[in-house]
Amino acid sequence: CGKTVDACLDLVGMRGFAESSAHRLSGGETQRVAIARALACSPRVMLFDEPTASVDLEHQFAIEQIIQEINLRKGITTLFATHDLRQAYRGAGRVIPLYEGAVSQSPFGNMFTGEIHFNEMGGGKETICRIRDALEFPVITEKTGKAKLILDPSKVTIRPIESRQVGKGFSGTLIQLTDEGRHVRATADIGVPVHSLLDKETLRELSVSVGEEVW
């Protein structure tokens with residue numbers, strides 16, 4: 001039993017606190033002890049619910065590393081819930097996005113409330129989803145009226161403004177580039193913020209910077 005306790009405390013970096021009083025531990029230290037306590041039960045699966053929500057930055061990174069170590073060194077399946085998208089993509093082998101309690105088609109962002117209507121153009125009819133009375137997206141659906149529109153960020157492309165094609169997209173300003181680990185999230189303001197998920201090589205080839213007009 002003592003060996004198990006020591007091994008678990010070692011894994012979370014808390015061996016030196018074995019004799020400390022609980023009320024003297026910080027929030028991050030308490031969280032790490034809680035992880036060690038769960039490890040002592042030799043679980044096959046561990047579920048972490050917002051494990052870094054109430055700890056400082058130093059302990060956030062330590063806990064992220066501990067979760068990865070538990071998975072890689074111990075072979076324990078780890079699942080964690082988080083609102084921090086950067087954390088999810090930085091630390092997880094697989095990300096399952098949720099929206100309003102259900103699995104979402106979108107890895108992050110690009111979820112809008114709009115209204116679907118028929119737009120008569122050139123003698124034909126086109127189904128349009130209008131967002132904020134300004135942006136219109138062609139859609140394929142039999143529905144009309146209010147709806148949720150989801151754009152998959154991995155299918156949204158960003159291009160230099162010179163690459164614009166009439167009727168094929170929107171112009172806007174690149175307002176943010178965020179490193180998500182394996183990918184970069186590019187956010188453009190086209191009247192609403194729209195996210196594009198790019199691999200890093202594609203971003204280098206595009207050679208676009210924050211503040212530039214893009215397509």
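What you see is a predicted model; the values in this text were computed from it and never measured.

Rules and cut-offs
Residues numbered from 1 in each chain as written. Predicted model: local features only at pLDDT ≥ 70, side-chain atom pairs only at ≥ 80, totals over all residues. Heavy atoms only, no water. Helix = DSSP H or I, 4+ residues; strand = E, 2+ residues; numbered from the N terminus. Rg over C-alpha atoms; globule rule 2.2 N^0.38 Å. Contact = heavy atoms within 4.5 Å. Areas by Shrake-Rupley, 256 points an atom, 1.4 Å probe, with all protein chains shown as cover. Lys, Arg positive; Asp, Glu negative; His and termini not counted. Charge placed at Lys NZ, Arg CZ, Asp CG, Glu CD. Pairing = 2+ DSSP bridges. Salt bridge = Lys/Arg side-chain N within 4 Å of Asp/Glu carboxyl O. pLDDT = per-residue confidence, 0-100. Disulfide = S-S within 2.5 Å. Buried < 20%, exposed > 50% of the residue type's maximum accessible area, 1.4 Å probe, protein only. Core = buried A, V, L, I, M, F, W, Y, C linked by side-chain atoms within 4.5 Å. Polar contact = N/O pair within 3.5 Å; in protein donor to acceptor, adjacent residues only side chain to side chain. Patch = residues over 30% accessible without salt bridge, like charges linked within 9 Å, V, L, I, M, F, W, Y side chains within 5 Å. Right-handed = clockwise from strand over helix to strand, strands pointing away.

Draft legend 1. Quick look at the overall build of the protein chain. Secondary structure summary: the protein chain contains five helices and twelve strands in total. Relative to the 2.2 N^0.38 estimate, which gives 17 Å for 215 residues, the radius of gyration of the protein chain is 23 Å and therefore markedly larger than a compact globule would have. Expressed as lengths along the three principal axes of its C-alpha atoms, the size of the protein chain is roughly 80 × 40 × 30 Å. Sequence-distant contacts, at least 24 apart, represent 54% of the contacts inside the protein chain between residues at least 6 apart. Of the accessible surface of the protein chain, which amounts to about 13,800 Å², a share of 50% is contributed by carbon and sulfur atoms. Within the protein chain, one finds 25 positive and 28 negative side-chain charges whose respective centroids are separated by 5 Å.

Draft legend 2. Structural view of the sheet that holds strand β12 (residues 213-214). Strand order in the open sheet made by the four strands is β11-β10-β9-β12, with antiparallel pairing throughout. Of all strands in the sheet, those with a lone pairing partner are β11 (193-199) and β12, marking the two edges. Bridge count between strand β9 (residues 172-179) and strand β10 (residues 183-189): six bridges; the pairing is antiparallel. Across the sheet, residue L177 finds its bridge partner in β10, namely A186.

Draft legend 3. Quick look at the pattern of salt bridges. Taken as a whole and assessed by the stated rule, the structure comprises seven salt bridges. When salt bridges with common partners are traced through the structure, they connect D6, D10 and R15 into a single cluster.

Draft legend 4. Spotlight on the confidence of the model for the protein chain. With 95% of its residues at a pLDDT of 70 or more, the protein chain shows a mean pLDDT of 84. No element of the protein chain has a lower mean pLDDT than helix α4 (residues 85-91), at 74, and none a higher one than β12, at 94.

Draft legend 5. Here's a closer look at the state of the cysteines. Scanning all chains against the criterion turns up zero disulfides. C41 carries a free sulfur, and the closest cysteine sulfur to it, the one in C8, is 8.6 Å from it. The exposed category is assigned to C41, whose relative accessible area is 63%.

Draft legend 6. View of the pairing of β11. With five of its seven residues buried, β11 lies for the most part within the structure. Between β10 and β11, which pair antiparallel in sequence order, lie three residues; one of them, G191, sits at a positive phi of approximately 115 degrees.

Draft legend 7. Spatial organisation of the nonpolar core. Counting 17 residues, the largest nonpolar core has V12, I35, L39, M46 and I70 as its most contacted members. Considering each element in turn, this core owes the most residues, four residues, to helix α3 (residues 57-74). Ignoring any residue separated from it by four or fewer positions in sequence, one finds M46 in contact with I35, A38, L39, I70, I76, T77, T78 and L79. Ranked by size, the runner-up nonpolar core spans 13 residues in total, among them I116, L135, I190 and V192.

Draft legend 8. Expanded view of the environment of E201. Here E201 lies in helix α5 (residues 200-206). Each C-alpha atom, one on E201 and one on G114, is 34 Å from the other, the two residues being 87 residues apart in sequence. Within the local environment of E201, its side chain forms a polar contact with the side chain of R204, the two groups lying 2.8 Å apart.

Draft legend 9. Layout of a nonpolar patch on the surface. Where nonpolar side chains cluster on the molecular surface, the patch consists of V45, L47 and L79 and spans about 310 Å² of accessible area. Its location among the elements puts V45 in strand β1 (residues 45-49).

Draft legend 10. Quick look at the pairing of β1. In β1, alternate side chains face the same way, and those of M46 and F48 are buried while those of V45, L47 and D49 on the opposite face are not. Of the strand pairs in this sheet, β1 and strand β2 (residues 77-81) are connected by five bridges, and their pairing is parallel. Paired with V45 across the two strands is T77, which belongs to β2. Between the parallel pair β1 and β2, the chain is carried across by α3, and the sense of this crossover is right-handed.

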